[in-house]
Amino acid sequence: AIFCRPPTLARRGPFDALLVEPPRRGLDDRTRRLLPTFDHVLYVSCNPRALQTDRAALDPTHRIAAFAALDAFPSTPHLECLVHFQRRSTTAPLPSPPRRRPPPPPSASPIRPVPDPCLASPAASRRPESPRRRPR
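Now for a description of the structure that goes with this document. Since the structure is predicted, the reported quantities are computational estimates derived from the model, not experimental observations.

Turning our attention to the sheet that holds strand β1 (residues 17-20). Judged by pairing direction, the sheet is mixed, and its four strands sit side by side in the order β1-β2-β4-β3 without closing on themselves. Every interior strand has two partners, whereas the edge strands, β1 and β3 (62-70), have only one. Pairs of neighbouring strands in the sheet enclose a mean axial angle of 10°, with direction left out of account. Bridge count between β1 and strand β2 (residues 40-45): four bridges; the pairing is parallel. Looking at β2, one finds that Ala-17 is bridged to His-40.

What follows is the structure, given as structure tokens:
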């Protein structure tokens, strides 16, 4: 939740993002009314049902840009949900992560295959004789 006095809630200043991590019961009404004034809302929830209720307040103005579920407490029924809400009207789609370049076709590969010496003919596998040293 937001830790500030009520008069400062009306002024958001130069910020366009808000990070909220409400208690299990979800956001209070005052904070829920404040959410649509931000371009980005980063929401960390430990209760998916409370997240569903708070999401309804953002549905008219925001879309879910990213979502992740995190099992922070294994062997328990608790699940952390991380959601990035982004304003619908003023935002372009989020850039997608860079894609890996596909491997080049085998013919265009700069790496040349090395012949397997085990498969070569016996004559080809002989070492050339080294020049003999002269006695001193």
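The rest of the description comes next.
What follows covers helix α3 (residues 48-58). An α-helical turn contains 3.6 residues, so a residue and the one three or four places further along point in the same direction. Among the residues of α3, those classed as buried are Ala-50, Leu-51, Asp-54 and Leu-58. Buried residues of α3, viewed axially, fall in a sector of 100°; they line one side. Exposed and facing more than 90 degrees away from the buried side of α3 are Arg-49 and Gln-52. Packed against the buried residues of α3 are α2 (29-34), β2, β3 and β4 (80-87).

Relative to the helices and strands, Glu-80 is located in strand β4. Buried charged residue Glu-80 carries no salt bridge. Nearest counter-charge: Arg-24, at 6.0 Å. Once residues lying within four places of it in the same chain are set aside, the contact partners of Glu-80 are Val-44, Ser-45, Cys-46, Ala-68, Ala-69, Leu-70, Ala-72 and Phe-73.

Before going further, it helps to spend a moment on the packing of aromatic side chains. All told, the structure shown has one aromatic pair when counted by the stated rule. Summarising the aromatic geometry, the rings of Tyr-43 and Phe-85 are spaced 6.5 Å apart at their centres and angled 85° between planes, so their arrangement reads as edge-to-face. Taken together, the residues Tyr-43 in strand β2 and Phe-85 in strand β4 connect sequence positions 42 residues apart. A relative accessible area of 2% places Phe-85 in the buried class.

Although it is not a glycine, Ser-75 adopts a positive phi angle of roughly 70°. For Ser-75, the position within the fold is in the loop between β3 and β4. For Ser-75, a relative accessible area of 83% corresponds to the exposed category.

What follows deals with the nonpolar core. One recurring pattern in soluble globular proteins is that nonpolar side chains are buried together. Formed by 13 residues in total, the largest nonpolar core has its most connected members in Val-20, Leu-35, Val-41, Tyr-43, Leu-51 and Phe-85. At the level of secondary structure, the elements contributing two or more residues to this core comprise β1, β2, α3 and β4. No other element matches the three residues that β4 contributes to this core. Ignoring sequence-local partners within four residues, the contact set of Tyr-43 consists of Val-20, Pro-22, Gly-26, Leu-27, Ala-50, Leu-51, Asp-54, Cys-81, Leu-82, Val-83 and Phe-85.

All chains considered together, the criterion is met by four salt bridges. For Asp-54, the salt bridge is made with Arg-32, and the minimal N-O distance between the two is 2.7 Å. Placement of the pair is Asp-54 in helix α3 and Arg-32 in helix α2, with a sequence separation of 22 residues. You can call Arg-32 buried: its relative accessible area is 18%.

Let us look at the pairing of β4. In terms of residue burial, β4 counts as a mostly covered element, since seven of its eight residues are buried. Two strands pair when backbone bridges link them, and β2 and β4 are joined in this way by six bridges, in the antiparallel orientation. Residue pairing for β4: His-40 is matched across the bridge by Gln-86.

What counts and what doesn't
Residues numbered from 1 in each chain as written. Predicted model: local features only at pLDDT ≥ 70, side-chain atom pairs only at ≥ 80, totals over all residues. Heavy atoms only, no water. Pairing = 2+ DSSP bridges. Helix = DSSP H or I, 4+ residues; strand = E, 2+ residues; numbered from the N terminus. Axes fitted to C-alpha atoms, helices over the stretch in contact; angles between N-to-C directions. Buried < 20%, exposed > 50% of the residue type's maximum accessible area, 1.4 Å probe, protein only. Arc of directions from axis to C-beta. Contact = heavy atoms within 4.5 Å. Lys, Arg positive; Asp, Glu negative; His and termini not counted. Salt bridge = Lys/Arg side-chain N within 4 Å of Asp/Glu carboxyl O. Phe/Tyr/Trp six-rings, centres within 6.5 Å; stacked < 30°, edge-to-face > 60°. Core = buried A, V, L, I, M, F, W, Y, C linked by side-chain atoms within 4.5 Å.

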